[in-house]
Amino acid sequence: MIEIKNKKDCCGCCMCAGACPKECIKMLTDDEGFVYPHIDDSACVNCHLCEKVCPVINVRDDRNSFQQQGYIVQHRNPEVLRESTAGGAFTAIAEYVIDHGGVIFGVELQTDLYAKPSAAHHIWVDNKADLKKFRNSKYIQSFVGEGTPKQVKSFLEQGKYVCFSGTPCQVEGIKQYLDAKKVDQTNLILVDVVCRAVPSPLIFRKYLEHQEKKNSEHITSVRFRDKHYGYKYSTMNVISDRNNGDYHRGVESDPWLRAFFSNICDRPSCHDCKFRKLHRVSDFTIWDCFHVGRFSKELDNDRGATRMLVHSLKGQQILDAVSEELVEFKVPVQIIVDGAKELNESVAPNEQRETFFIDANTLNGYDLLEKYFPETAKVKLKRMIRMTALNIGIYSVAKKVFVRLTGKY
Ligand SMILES: Cc1cc2nc3c(=O)[nH]c(=O)nc-3n(C[C@H](O)[C@H](O)[C@H](O)COP(=O)(O)OP(=O)(O)OC[C@H]3O[C@@H](n4cnc5c(N)ncnc54)[C@H](O)[C@@H]3O)c2cc1C
Ligand code: SF4
Ligand code: SF4
Ligand code: SF4
């Protein structure tokens, strides 16, 4: 049976809990807010299925005979583009599957933002209107749940098309689960994102507490990557009962984005991620393209573009079929992956990570985030510089110069 000796060795994908024939594995939350499997030894029959489905134990090499292809794409529908994180590639793939009577598994943000184990969870939908729920990255670990792999299996056994999207570990997990259960995967389409890391759902609840206390408001929803100021200055958008959705702060000043990008509250497995690689089990890998101007003037409109790797013939056929929905450019693989560090390299944990989580268990959200991410004069200055550049219409140019000088996007 599965035994987690080091937390780095579990990405929390829930596949073991879904696979166990005795249903004796429960996913329980630790004091950092991440889920791990807990086994009722008395019910275990030592069938080893939990080990067989675990993507961390069974690291795969999924090179196949298909010659990988690289694309940069942008959805033609302005509403889809506005709501998506980058260029809306995911929606185009998902719409194809729905047109063929299929179902889509993706990540929704719950109405109850304080929901446990996480405000983000995997659900499935079977109509285009509901795809809206999946658009926009939720920068928080999604709870897959033990029911999700069973549902994927059931739909495939009914002969339906199934598109499953998620982080690379979740996608490898579902593949491992379906292989172990010997399910025919002809109708399965897998989409993974390039994944920096997933932050703790506990710390997200602390962020909500911080915002609510600081601004005396009740938060009703958030968008982690809003394009209010354009794609190149994506912001956290907080919607409350008092602000008409008028909170837009970027990585320099929003406490959640600052916490995420300082690697202070990521899942331990993300710092030694086994799923960072060029060749993947998925049909598509999608991620941001901030420097789209290098490849296409047509797409350089600050509305967002997705970089995409197609890993299979099935993926290529789907992309060809949806090409009318997308403006797309083919780019050699070696060029498209240039600068995509998160594709291959794990981020190092912040050296304050341990004390941060100790404090998180004793301080309320307001005190915690004021301690680690206060709005200092330097933070205010950085925000002022960005806002001034935006207001006088030189943000894009200034960002290009910044990228050229620092090599950072
Ligand atoms: C946790 C996380 C970390 C990421 N890190 C990077 C990065 O370091 N560099 C980079 O270039 N891109 C990263 N991305 C990918 C990027 O944010 C966009 O998802 C990608 O560019 C696709 O955009 P899109 O407009 O085509 O699709 P969108 O319409 O934005 O589609 C979003 C897709 O992501 C899925 N999704 C949303 N939230 C989660 C979640 N919490 N867990 C699993 N799946 C989720 C949805 O189900 C949907 O399939 C990350 C995404 C996530 C979720
Ligand atoms: S060995 Fe089998 S019965 Fe025991 S926990 Fe794992 S899957 Fe369940
Ligand atoms: S299957 Fe997933 S949840 Fe279970 S031990 Fe492996 S990584 Fe962790
Ligand atoms: S960084 Fe790796 S381990 Fe962490 S969520 Fe992403 S794919 Fe999973």
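Looking now at the site of ligand 1. Taken together, the neighbourhood of ligand 1 is formed by 33 residues, with T85, A86, G88, S137 and K138 sitting nearest. Within the backbone of N136, an N or O atom sits 3.3 Å from an oxygen atom of ligand 1. Burial of ligand 1 by the protein amounts to 97% of the accessible area it has alone, namely 900 Å². Elements that contribute at least two residues to the shell around ligand 1 include exactly α4 (89-99), β4 (103-109), β6 (162-166) and β11 (284-288).

What the domain assignment lists for the protein is domain 1 (7-52), domain 2 (69-198 + 267-344) and domain 3 (201-265 + 346-406). One C-alpha centre belongs to domain 2, the other to domain 3, and the line joining them spans 25 Å. Buried surface at the junction of domain 2 and domain 3, summed over both partners, amounts to about 3,100 Å²; 54% is from carbon and sulfur atoms. Of all residues in domain 2, Y114, Y139 and R196 bury the most surface against domain 3, accounting for 26% of the area lost on that side. In this structure, the connection of domain 2 to domain 3 is made through three salt bridges. Note that D300 and K232 form a salt bridge whose closest N and O atoms lie 3.2 Å from each other. Run the count over domain 2 and domain 3 and you get 23 residue pairs in polar contact (both at pLDDT 80 or more). For the side of domain 2 that touches domain 3, the leading source of residues is helix α3 (residues 78-83), giving three residues.

Here we come to the sheet that holds strand β10 (residues 247-249). With antiparallel pairing, the three strands of this open sheet are ordered in space as β8-β9-β10. Only two strands of the sheet have a single partner each, and these edge strands are β8 (219-226) and β10. Each strand of the sheet is rotated relative to its neighbour by a mean of 15°, with strand direction disregarded. Note: β8 against strand β9 (residues 235-240), five bridges, orientation antiparallel. Directly across from D226, in β9, lies its bridge partner T235. Strands β8, β9 and β10 of the sheet are contacted by helix α7 (residues 201-215), whose axis makes an angle of about 115° with β8.

Turning our eyes to something else, we now look at the pattern of salt bridges. The final tally for this structure, using the stated rule, is 24 salt bridges. Between K150 and E23 there is a salt bridge, and its shortest N-O distance comes to 3.5 Å. Taken together, the residues span a long stretch of sequence, with K150 in helix α5 (residues 147-157) and E23 in the loop between α1 (15-19) and β1 (25-29) at a distance of 127 residues. K150 sits in the partly exposed class, given a relative accessible area of 32%. Residue R223 pairs with D226 through a salt bridge whose shortest N-O separation is 2.9 Å. One continuous salt-bridge network, built from bridges that share partners, spans R60, K175 and D179.

It is worth spelling out the site of ligand 3 at this point. Taken together, 13 residues surround ligand 3, and among them C10, C11, C13, C16 and C54 come closest. For the shell around ligand 3, the class distribution of residues is twelve nonpolar, one polar and no charged.

Attention now moves to the packing of helix α12 (residues 353-360) against helix α13 (residues 365-372). At a closest axis distance of 10 Å, the pairing of α12 and α13 adopts a crossing angle of 155°. Of the possible angle classes, the one that applies to α12 and α13 is roughly antiparallel. Crossing handedness for the pair α12 and α13: right-handed. Note on element contacts: α13 touches α12 through L368, L369, K371 and Y372, opposite T355, F356, D359 and A360. Tallied by class, residues from the contact of α12 with α13 come to five nonpolar, one polar and two charged.

Our next topic: the side chain of N263. By the element assignment, N263 lies in the loop between α8 (255-261) and β11. In terms of polar contacts, N263 uses its side chain to reach the backbone carbonyl oxygen of A348, at 3.5 Å. Beyond its immediate chain neighbours, meaning those up to four positions away, N263 contacts R196, H271, V347, A348, P349 and N350.

Cut-offs and rules
- Residues numbered from 1 in each chain as written.
- Chains lettered and ligands numbered in written order.
- Predicted model: local features only at pLDDT ≥ 70, side-chain atom pairs only at ≥ 80, totals over all residues.
- Heavy atoms only, no water.
- Near = heavy atom within 4 Å.
- Polar contact = N/O pair within 3.5 Å; in protein donor to acceptor, adjacent residues only side chain to side chain.
- Areas by Shrake-Rupley, 256 points an atom, 1.4 Å probe, with all protein chains shown as cover.
- Helix = DSSP H or I, 4+ residues; strand = E, 2+ residues; numbered from the N terminus.
- Domains from an automatic or database assignment.
- Buried area = accessible area lost by both parts, 1.4 Å probe.
- Salt bridge = Lys/Arg side-chain N within 4 Å of Asp/Glu carboxyl O.
- Pairing = 2+ DSSP bridges.
- Axes fitted to C-alpha atoms, helices over the stretch in contact; angles between N-to-C directions.
- Contact = heavy atoms within 4.5 Å.
- Buried < 20%, exposed > 50% of the residue type's maximum accessible area, 1.4 Å probe, protein only.
- Nonpolar A, V, L, I, M, F, W, Y, C, P; charged D, E, K, R; others polar.
- Parallel < 35°, antiparallel > 145°, perpendicular 65-115°, else oblique.
- Left-handed = near helix turned anticlockwise from the far one by under 90°.

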